Amino acid sequence: MGEQPKRDLEELVGAGHVLVTPGERLARASGLSYLDLVRRRGFGDFPVPDAVVLPGNPDEVQSVLEICARHDVGVVPFGGGTSVVGGVAALRGDKSAVIALDLTRLGELVSVDPVSRIAVLQAGVTGPEADRLLAGHGFTLGHVPQSYERATIGGFAATRSAGQASSGYGRFEDMVKGVRLATPRGEWKLGVAPASAAGPDLRHLAVGSEGALGVITEVALRVRPVPEVRRYEGYVLDGWENGTAAIRELAQRHVLADVTRLSDVDESEVSLALNDNWKTKALRRYLKARGVQAPCLLIVGWEGASKHEVSRRRKETTRVLEPYGAVRIGAALGESWRRGRFSGPRQRDALMDNGVCVETLETAAYWAELSDLRDAVRAALTATLGRAVIMCHVSHAYETGASLYFTVLTARDEADPIGQWQRAKAAASEAITGIGTISHHHAIGADHARYLPSEIGEIGVEVLRAAKKVVDPAGILNPGKLL
């Protein structure tokens, strides 16, 4: 980066908030995908930002963009750095320099309206910190994705995040009531009422824009009272088709638990194998005695203001499960899942240390196509990788369909680990195209951009390009992402 833009940025945010050492820049150079991690282990190169800039408030974010537009410097917004689709890669496009715009200092709870149940949070607040700040007012977001421990409010909004309890609390875009963005053309604020017929809802253009249409600095969010009671349980259903039919009926009768997660036979077998003790052996014997041939584990969890409320909702859910032969395993399995639900990244590090290629991908489809989609993705991955463990679960369910979340493990190709996964991911993405969405909650980033036209059409891409041209005429915002 040239000296003049560096001096201008230092004058704005202070020299101590413009970081240029290799370690500081490297720390904001990529996300947490398998390819990001394997490159960090020495299997290839990746771009590194020329500097890291840490603005202290929304006005400084706005000024940073104006400086970068003036000097034609690319800007990559950076929150928790948890993107797994190349969303925070330091791509520069046609720019001579690029900065990582670290929003960590935007960490305030701006306001709470307890009457309307709306809280305004700055973009750099992490999931745990948001709940800590809101708990002081008796509220919670109820938004708990796998990235919860590190990801930020701005990142949740920019990627249309979905939490594990979205059946009860809603996806993140359902929570967003207003948004404040900085753009090279000026500040953009959206959201003035609970509902509006004043043209298309442009909040949904900002939410999911992945930093390509502006930098989200504040988000107004619907909040809920902190639940007094939480109850998580485990069940087993016999077979994938039977299990998904049960989940579909729960969704269509509107009696889903807040958390509803159904594992297929392969994922269930791995879960049982990882806990191979006398209790697991006894469970296997019990399931066999009950006639269960293809166990599919189901985790359900309810949260509410009272034991009575949770008990009532639990009865509504279990009443639907009974005709599908659901075998109750008990609260221990549900609580075990709840306590360990953020352990995946640590387990992945251990597997990678032992030469394993381990990655995830996700999609969603209508109920009528859901099993076809699962089969197609599994076939594509198997054909590309050969011997591999391919696990799948329903992570979110809706009246009309559900999401599928795949976890893949195979021996790492030491000669070409990057190409190995790139080929597998491309095959899976091609299998998804035309059946389901290329992303249910991981977003587009750089990795999925080539598949977006197939989903939204060329006219849709032109609409997005036109919007970007209006707010970002020089194209400095998150080059190479989304479009």
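Our structure's up above, just so we're on the same page.
Summary of the structure given here.

What counts as what
Residues numbered from 1 in each chain as written. Predicted model: local features only at pLDDT ≥ 70, side-chain atom pairs only at ≥ 80, totals over all residues. Heavy atoms only, no water. Phe/Tyr/Trp six-rings, centres within 6.5 Å; stacked < 30°, edge-to-face > 60°. Helix = DSSP H or I, 4+ residues; strand = E, 2+ residues; numbered from the N terminus. Buried < 20%, exposed > 50% of the residue type's maximum accessible area, 1.4 Å probe, protein only. Lys NZ or Arg CZ within 6 Å of the ring centre and 35° of its normal. Pairing = 2+ DSSP bridges. Contact = heavy atoms within 4.5 Å. Axes fitted to C-alpha atoms, helices over the stretch in contact; angles between N-to-C directions. Polar contact = N/O pair within 3.5 Å; in protein donor to acceptor, adjacent residues only side chain to side chain. Core = buried A, V, L, I, M, F, W, Y, C linked by side-chain atoms within 4.5 Å.

1. Points about the packing of aromatic side chains
In this structure the tally under the stated criterion is three aromatic pairs. Taken together, a centroid distance of 5.6 Å and an interplanar angle of 15° make the contact between Y148 and F342 stacked. Taken together, the residues span a long stretch of sequence, with Y148 in the loop between β7 (139-140) and α6 (153-159) and F342 in the loop between α14 (331-340) and α15 (344-353) at a distance of 194 residues. In terms of burial, Y148 and F342 fall into one category: buried. Above the face of the W240 ring, R374 is positioned so that its terminal group lies 4.8 Å from the ring centre.

2. Here's the deal with the sheet that holds strand β2 (residues 51-53)
With mixed pairing, four strands are arranged side by side in an open sheet as β1-β2-β4-β3. The outermost strands of the open sheet, each flanked by one partner alone, are β1 (18-19) and β3 (74-78). Alignment of β3 against strand β4 (residues 98-102), held across five bridges, turns out to be parallel. Residue pairing in the sheet places F78 in a bridge with D102 of β4. Seen against the sheet, helix α4 (residues 58-71) touches β2, β3 and β4 and runs at an angle of roughly 175° to β4.

3. Considering the side chain of D102
Its place among the elements puts D102 in strand β4. At a separation of 2.9 Å, a polar atom in the side chain of D102 contacts the side chain of R28. Here the side chain of D102 touches T104 through a polar contact of 2.3 Å, side chain to side chain. Those residues within four positions of D102 in sequence are excluded, and the remaining contacts are R28, V52, V53, L54, P55 and F78.

4. Let's talk about the sheet that holds strand β9 (residues 186-190)
The pairing of strands in a sheet happens through backbone hydrogen bonds and is either parallel or antiparallel. Pairing in this open sheet of five strands is antiparallel, and the strands run β5-β6-β10-β8-β9 from one edge to the other. Whereas interior strands pair on both sides, the edge strands pair on one side only; in this sheet they are β5 (109-113) and β9. Here the strands of the sheet are splayed against their neighbours by 10° on average, with no regard to which way each runs. Two elements, strand β8 (residues 176-183) and β9, share five bridges in a ladder whose sense is antiparallel. Bridged to A182 within β9 is E187.

5. Focus: the nonpolar core
Counting residues in each nonpolar core, the largest one holds 61 residues, and the members touching the most others are L381 and W421. Look past the residues within four positions of L381 in its chain and what remains in contact with it is L361, G386, I390, V408, W421, A424 and A428. Counting residues in hydrophobic clusters, the runner-up holds 31 residues, among them A119, A151, Y232 and I299.

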